[in-house]
Amino acid sequence: MRNLGVLYAFLGGAIVGCGAAILFAPAKGSDLRERVCKILRRKGVKLNDSEVDQLVAELAGAIEK
């Protein structure tokens, strides 16, 4: 059970790290949102445009803190 928690922590950190890398990459906002959607779809997560905008805003807020 402890190993599962470590795995979830690693995956969570990897997702946040990827999100931060995407947000700080020099690209247009629309391109970034499209890339976020593609990455999430590959992982089996489907979001609409407003949900992606909310996710990007949350990630940006977490990074600024």
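Quantities reported herein were computed from a predicted structural model and do not represent experimental measurements.

Take the overall build of the chain next. Broken down by element type, the chain carries three helices and zero strands. When its helices and strands are written in sequence order, the chain yields α-α-α. Sorting the 65 residues of the chain into buried and exposed places 14% on the buried side. Entry remark: accessible area of the chain is about 5200 Å², with carbon and sulfur atoms responsible for 61%.

Bringing a nonpolar patch on the surface into the picture now. On the surface, Leu 4, Leu 7, Tyr 8, Phe 10 and Leu 11 cluster together into a nonpolar patch covering about 520 Å² of accessible area. Overall, Tyr 8 belongs to the exposed group, its relative accessible area being 55%.

This brings us to the environment of Leu 40. Considering the arrangement of structural elements, one finds Leu 40 in helix 2 (residues 29-42). Taking the C-alpha atoms as reference, Leu 40 lies 9.7 Å from Ile 15; in sequence the two are 25 residues apart. With near-sequence residues (within four places) excluded, Leu 40 lies in contact with Val 45, Leu 47 and Leu 55.

Our focus in this paragraph is the nonpolar core. One finds Ile 22, Leu 32, Val 36, Cys 37, Leu 40, Val 52 and Val 56 forming the largest nonpolar core, which totals seven residues. Secondary structure elements with two or more residues in this core: helix 2 and helix 3 (49-64). Take this core: its biggest share by element is four residues, from helix 2. If we ignore the near neighbours within four places in the chain, the residues touching Ile 22 are Leu 32, Arg 35, Val 36 and Ile 39.

Before going further, it helps to examine helix 2. Helical geometry note: an α-helix holds 3.6 residues per turn, so side chains three or four residues apart project in the same direction. An ideal rise of 1.5 Å per residue puts 20 Å on 14 residues; helix 2 measures up with 20 Å between its terminal C-alpha atoms. Where helix 2 ends, the next residue or the one after it, Gly 44, has phi of about 90°, a positive value.

Turning to the confidence of the model for the chain, a few remarks are in order. Chain-level statistics for the chain give a pLDDT mean of 76 and a share of 89% at 70 or above. By mean pLDDT, the top-scoring element of the chain is helix 2 (78), and the lowest-scoring one is helix 3 (76).

Calculation criteria
- Residues numbered from 1 in each chain as written.
- Predicted model: local features only at pLDDT ≥ 70, side-chain atom pairs only at ≥ 80, totals over all residues.
- Heavy atoms only, no water.
- Helix = DSSP H or I, 4+ residues; strand = E, 2+ residues; numbered from the N terminus.
- Buried < 20%, exposed > 50% of the residue type's maximum accessible area, 1.4 Å probe, protein only.
- Areas by Shrake-Rupley, 256 points an atom, 1.4 Å probe, with all protein chains shown as cover.
- Patch = residues over 30% accessible without salt bridge, like charges linked within 9 Å, V, L, I, M, F, W, Y side chains within 5 Å.
- Salt bridge = Lys/Arg side-chain N within 4 Å of Asp/Glu carboxyl O.
- Contact = heavy atoms within 4.5 Å.
- Core = buried A, V, L, I, M, F, W, Y, C linked by side-chain atoms within 4.5 Å.
- Expected span 1.5 Å × (residues − 1).
- pLDDT = per-residue confidence, 0-100.

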